[in-house]
Amino acid sequence: MATTSTRKTISVEINGRTHERDVPASMLLVHFLRDELDLTGTHVGCDTGSCGACTVQLRGDAVKSCCLLAVQADGASITTVEGLAGDEGELTPLQQSFNEHHALQCGYCTPGMLMSATALLEHNPHPSEDDVKVALQGNLCRCTGYWNIIDAVVAAGEGGAR
Amino acid sequence: MTAIETEAGTLRKGAAMGQSVPRREDRRLVQGQGLFFDDVKRKGMGYLHFVRSPYAHATISSIDVSAALELPGVYGTLTGDEVAILTDPFFQIAAPPGAAVKDYALAVGKARYVGEPVVAVVAETRERARDAAELVMVDYEPLEPVVDARAALAEGAPVLHEECGGNLSYAGVWEWGDVDAAFAEADHVVKIDELHFDRFNSTPLECSGALVEYNRGTSQWTMYTNNQFPGFAAIMMGPAMRVGLDKLRIVTQDIGGGFGNKITTHPQLVACCLLARKLNRPIQWTEWRTEFHQSMSHGNERWFEETEVAVKADGTLLGFRTKAIDDAGAYLRYEPLGGVIWSQVAAGLYKWRNLRLEFTQAMTNKAPVSPNRGYSRMQHLWFTERVIDIVAHTLGFDPVEIRRQNYVQPEDMPYETPNGCVYDSGDYPRALELVLELIGADTIEERRAEAASRGKLLGLGIGSTLDSGTNNFGQSQLINPELQFSGNNEVATVKLDIFGEVVVTLGTTPQGQGHETTAAQVVADILNCDVNMVHVRAGHDSYWNSHAGFSGTYASQFAVTGLGAVKGAADLLAGDMVKLASMVFQCPEEAIELADGFARIKDNPEAALPFMALGAIPNANNAGFPEDPPTMNRRFVYRPPFQVPDKERKFGNLTLTYSLQMHACVVEIDPETGVTEVVEYAAVDDCGVRINPQIVEGQVMGATAHAIGAALWESFVYDEDGNLLTPNFYDYHVPHALDMPPLKTAAIESPSPFTPLGTKGMGEGGGGGIHCICAGIQDALRAAGGAIVTDSHNPYHRVWELLSDPERSRGSVEVSSR
C-alpha cells in the first residue's frame with residue numbers, strides 16, 4: 001500500500017502566480033493542478049503517460065503532469081492551458097488557429113495538444129508538417145485523426161492565424 | 001491533408017446554414033474552460049474506487065470490508081449483497097433466454113469478467129480510496145472461464161448465467177427473398193468458411209465517471225456525468241432503484257468523446273447513487289484508463305460462418321446466406337440489440353434481393369459489449385465488403401466493376417431493400433468514381449511496379465459503406481416482440497428573452513459534434529438574424545423540459561432529429577414573432593417579415609420591431625393587449641415518420657436516412673515483416689445537405705482514424721483465462737500523429753427527401769477504413785501467394801502469417817460453378 005499519509009509543503013509558480021500547499025507525497029502533479037488549485041483545463045486520459053492530455057510546460061518544456069509527483073514540482077514554474085490566452089481572453093495565434101482549422105472536437109485532448117505545440121513553436125517557430133507530427137506523437141486525439149491539428153500548428157507557425 | 005470540396009457551395013441553404021461557421025464551443029475548450037464531469041467538485045465529496053474481479057469467472061464466497069473501513073479517511077463501502085437488497089436487476093432488452101440475466105450495479109454472488117466491479121470504496125481522496133480498495137478482502141472460488149463465443153455455445157461449456165440455462169442470449173433467423181431459388185439460379189457459389197470481425201472500441205480520451213449528489217429533502221439524485229444517452233440510462237436506472245425518473249436528474253456539459261462507449265454507464269451510476277444516499281455526501285467517480293479498457297463498452301466481436309454467395313456468370317450478385325455468431329461479453333447492457341441493428345444495412349450497398357442470416361449471440365467471460373461507432377452495422381458492412389472482394393478475387397472479377405455493377409443505382413432511389421428499409425438518396429457509382437479519382441486509381445499499376453522495385457507489395461482497396469441514422473426503435477420488437485419501444489424523438493426549445501436574446505436548449509448530449517454551432521446556424525437562418533445573436537445552451541439537463549425518451553447523442557441522428565427539433569421550435573418562434581408584430585402594427589401577419597434581426601412591415605421597412613422589443617413585450621410589458629400575446633417560448637418535439645416493423649417477416653423501415661461513405665486506400669506491405677503502411681487515403685462522404693461542411697469533414701476524418709486504428713493496431717485481446725492483454729494505451733495502440741496517412745476528402749450532397757432540412761445523420765463512417773484496408777491488403781498479397789483476408793484486424797503478425805502460408809486462407813474459400 002502506498003503511503004498516502006506522508007505530506008510535504010511545496011511552492012510552485014503556476015501561470016505567473018505562486019501557490020504554496022501542503023500535499024500528500026503520493027499526489028500526482030496533475031491532481032495537484034486539478035484538485036488542489038482547480039486548474040481543470042489540464043486533463044487525465046490514461047494511467048500510463050501515453051495520452052498527453054495532462055501536458056503542461058515545466059520550466060519551458062512540455063511535460064506530462066501525470067508522470068510527475070506534485071512534490072517534484074516544488075520550486076518550479078509551470079504554465080498550464082489556462083495561462084496561454086491573454087488577461088482579457090485574447091487567444092494566442094495557435095489557439096485561434098485551432099478554431100479556424102477545426103482542430104478540436106470534444107476538446108479533451110486540446111489542452112495537452114496546445115501545450116505540446118506551444119513548446120514546439122517556442123523552440124521551432126516555423127515547423128514543417130513532419131516536425132509537428134514528431135512533436136505531437138506523445139499526444140493522443142481520438143476525434144480528429146490529427147490532420148486538422150497538424151494543419152493548425154503549421155499554419156500558426158507560418159505567421160499566426162489568418 | 002488535402003480536402004477537395006468537389007461539391008462545396010453548390011447547395012447554399014442560407015446565410016449561416018451550409019457555411020463552415022467556426023465552432024463556438026472552441027473558445028472555452030482552447031482555454032481549458034470546458035466543463036467536463038471531473039471538473040465538477042463539491043465540498044465534502046468522497047472519491048469512489050471500485051474493487052474489481054481479478055478472475056474472469058468466479059464465485060464470490062465472502063467479502064470483508066472491515067480493514068478498509070478502519071483506514072482513516074475512508075467514508076464507506078458498498079457490496080453486491082447490499083446492491084441486491086437495495087435494487088432490482090436491470091431491465092433486460094432480451095427475450096428468453098437472455099431475459100433471465102440478472103445484472104446489478106455490482107457483482108452479486110459471482111464475477112463474470114476480469115475487471116467487473118465487486119465492491120465500491122469511498123474515501124476523502126482518490127489515493128486513499130485506492131489504498132482502501134486494496135484492503136478489501138474478497139474470497140473467490142475460481143470457475144472455468146469461456147472467452148470464445150463459438151466455444152460458449154458448445155455443449156458442456158461453462159455457463160455464465162445459470163438462470164439462462166446456457167450462454168445463448170439471442171438467436172434468430174433473418175431471411176428475405178427466395179434464397180434457395182437464388183442459389184439454384186446461380187452460376188457460381190462461393191463458400192467462405194469463416195470471417196471474423198475483431199473486438200475493439202473507440203476509446204474516448206476521457207474515461208467514464210460522475211459527480212453524484214443526493215438531495216435528502218426531495219429524494220432526488222443529480223448526476224453530473226458524461227453519459228451520452230440519458231434517456232436510456234434513466235429507464236435502466238429508475239426501475240432498478242425503484243424510483244420514478246423525476247428522481248434522476250442527469251446533467252452533462254462537455255463530454256470528452258463518446259463514440260457510443262458512454263451509453264451503458266448505468267450500473268456504475270447506480271453504485272454512485274446508492275453511496276451518495278448511504279454516506280450522505282457527494283460521490284465522485286472517475287474511471288481509470290485500465291478500468292475503462294477492462295470493463296466499458298467493447299465493440300461487438302462477430303464471426304460469420306459457412307457463408308455462401310450466389311453469383312451469376314456476368315458478376316450479378318443474387319444473394320448470400322451466412323451464420324453470424326456475436327460475442328456479447330458477460331452482460332447484456334444494450335444487447336441483444338446488435339442482433340437487429342445490423343439489419344438496417346442487411347443488403348449493404350448492393351441490389352441482391354435474397355439474403356439469409358442466422359444470428360446467434362453468446363455471452364462470454366469478457367467485458368460487456370455496447371455500442372461503438374458504427375454499432376453492429378459496421379460488422380455487417382465489413383462482411384458484405386469482404387464478400388464482394390473475396391468473390392471478385394476467386395472468380396476473377398474486377399473489385400471496382402463488380403461493385404459498380406451491383407450497387408443500388410441513383411435511379412433506384414428511394415430504394416426499398418429486401419427487408420423493407422428505405423435508402424433515401426445517393427449516387428453510389430458517382431462516389432466510387434470520385435474516390436478512385438482522388439486516390440489516383442488510373443496509375444495504380446505503375447505504382448505497384450515502383451513499389452515492387454523497392455521490395456514492397458502495393459495494393460488498392462475500396463471500402464464502400466453506409467451510415468444508417470435516426471433509428472426506428474420499433475426494430476427492438478424484432479428481437480423481443482414484448483418490448484414497447486418504437487419510433488424516435490428529440491426535443492429543442494427556442495425562446496426570445498427580455499432583451500431580445502434568442503436562447504436555444506437541446507435534448508442532446510454532444511461529445512464534440514458541434515451542436516451549439518450547427519443549431520445556431522439553423523435558428524439564425526429561420527429568424528433571419530446574425531448567427532451570433534443565437535445562444536445555444538451548452539449540454540443537457542434533464543431538469544429542463546427539453547428532452548424526451550430518446551434524447552441523447554448516438555446513432556448518427558443529430559442532423560435529423562436534433563436539428564429537426566431545433567427547426568420546428570424556431571419555426572414556431574418565428575411565427576410568434578410575426579404574430580406579435582402584426583398585433584403591434586395592427587396589420588395582417590402576411591404583411592410582416594423577419595429580416596436583419598427585426599420584425600418589420602414588408603412594404604414599409606421603417607416600421608420595424610427589434611428582437612428586444614419582441615422579447616420584452618410578452619415577458620415584461622404585456623398589459624393592454626386585447627388577446628394574449630404569443631409567449632415567445634416554444635418547444636418542439638421532432639418525431640420521424642415510422643411504422644412498427646412487421647415482426648413476422650422482420651420487415652420494415654428501421655432507419656430514416658442512409659449516408660454514404662466511399663473510402664479507398666493504397667497500402668504497402670513489407671513482405672519481410674508483414675508490416676502494413678497506409679500510404680494514401682481518400683474518403684468521399686454524402687450525408688445529404690451539410691449544415692456545416694467543416695464539421696462534417698471533421699467527422700469523416702475522425703471515423704477514418706478510428707477505422708485505420710481498428711484495422712491495424714487496436715484490439716482487445718484476451719488470453720484463455722480471460723485476462724485482457726491490452727488494458728492500457730501501451731498495449732492498445734491508438735494511432736498517433738505519425739501513424740496517419742495523407743488524406744484527401746470530397747463531398748457529394750444528395751439531400752434526403754425524408755428529413756426537415758434534407759440532412760442525414762452521419763459521423764460513424766460505417767467502418768469504411770476497415771473495409772478498404774482489408775481490401776488493400778488482399779490486393780497487395782495477390783503478388784505473393786494470393787492470400788484471402790478473413791479478419792477485420794490485420795496487425796503485422798497476421799499479415800506475415802498470410803504471406804507465409806497463403807494456401808491456408810485460400811483453402812477456406814471454395815467455388816462451385818456449373
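Heads up: these notes are all about the structure in this document.

About the criteria used
- Residues numbered from 1 in each chain as written.
- Chains lettered and ligands numbered in written order.
- Predicted model: local features only at pLDDT ≥ 70, side-chain atom pairs only at ≥ 80, totals over all residues.
- Contact = placed C-beta atoms within 7 Å.
- Helix = DSSP H or I, 4+ residues; strand = E, 2+ residues; numbered from the N terminus.
- Nonpolar A, V, L, I, M, F, W, Y, C, P; charged D, E, K, R; others polar.
- Buried ≥ 20, exposed ≤ 12 C-beta atoms within 10 Å, placed from the backbone.
- Pairing = 2+ DSSP bridges.
- Axes fitted to C-alpha atoms, helices over the stretch in contact; angles between N-to-C directions.
- Core = buried A, V, L, I, M, F, W, Y, C linked by C-beta atoms within 7 Å.
- Parallel < 35°, antiparallel > 145°, perpendicular 65-115°, else oblique.
- Left-handed = near helix turned anticlockwise from the far one by under 90°.

1. Focus on the interface of chain B and chain A
Piece 1. If you look at the interface, chain B gives 49 residues, while chain A gives 50 residues.
Piece 2. Residue assignment for the side of chain B that touches chain A shows that the elements contributing at least two residues are α1 (26-29), α4 (126-135), α9 (289-295) and α18 (693-712) of chain B.
Piece 3. With 7 residues, the single largest contributor to the side of chain B that touches chain A is α18(B).
Piece 4. The residue inventory of the side of chain B that touches chain A, partitioned by class, reads 19 nonpolar, 18 polar and 12 charged.

2. Observations concerning the environment of B:Ala324
All names here are of chain B.
Piece 1. Structurally, Ala324 can be placed in strand β15 (residues 317-327).
Piece 2. We classify Ala324 as buried; it has 24 C-beta atoms within 10 Å.
Piece 3. Aside from chain neighbours lying at most four places away, what touches Ala324 is Arg302, Phe304, Leu357, Glu358, Phe359 and Thr360.

3. Side note on the sheet that holds strand β2 (residues 17-24) of chain A
By way of backbone hydrogen bonds, the strands of a sheet pair with one another, either parallel or antiparallel.
All names here are of chain A.
Piece 1. The strand order across the open sheet built from 5 strands is β2-β1-β5-β3-β4, with neighbouring strands paired in mixed fashion. Two strands lie at the open edges of the sheet, namely β2 and β4 (61-64), each paired on one side alone. When the angles between neighbouring strand axes are averaged without regard to direction, this sheet yields 40 degrees.
Piece 2. Across 2 bridges, the pairing between strand β3 (residues 55-58) and strand β5 (residues 77-79) is antiparallel. The partner of Leu58 across the bridge, within β5, is Ile78.

4. A word on the nonpolar core
Residue and element names in this part refer to chain B.
Piece 1. Counting 307 residues, the largest nonpolar core has Leu106, Val121, Cys272, Val435, Val523, Val566 and Ile773 as its most contacted members.
Piece 2. Counting residues per element, this core draws most heavily on helix α16 (residues 558-585), at 13 residues.
Piece 3. If sequence neighbours within four positions are ignored, Val435 has contacts with Met662, His663, Ala664, Ala682 and Val684.

5. A word on the sheet that holds strand β3 (residues 58-64) of chain B
All names here are of chain B.
Piece 1. Strand order in the open sheet formed by 3 strands is β5-β3-β7, and the pairing between neighbours is antiparallel. Two strands close off the open sheet at either side, each with one partner strand: β5 (110-111) and β7 (137-142).
Piece 2. In terms of strand pairing, β3 meets β7 through 6 bridges, oriented antiparallel. Paired with Asp64 across the two strands is Met137, which belongs to β7.

6. Thoughts on the packing of helix α11 (residues 377-395) of chain B against helix α19 (residues 768-781) of chain B
Residue and element names in this part refer to chain B.
Piece 1. α19 packs onto α11 with a crossing angle of 20 degrees between their chain directions and a minimal axis gap of 9 Å. Put simply, α11 runs roughly parallel to α19. Handedness of the α11/α19 crossing: right-handed. Residues Leu381, Trp382, Glu385, Arg386, Asp389 and His393 of α11 form the contact with α19, whose own contacting residues are Ile770, His771, Cys774, Ala775 and Gln778.
Piece 2. Partitioning the contact of α11 with α19 into residue classes produces 5 nonpolar, 3 polar and 3 charged.

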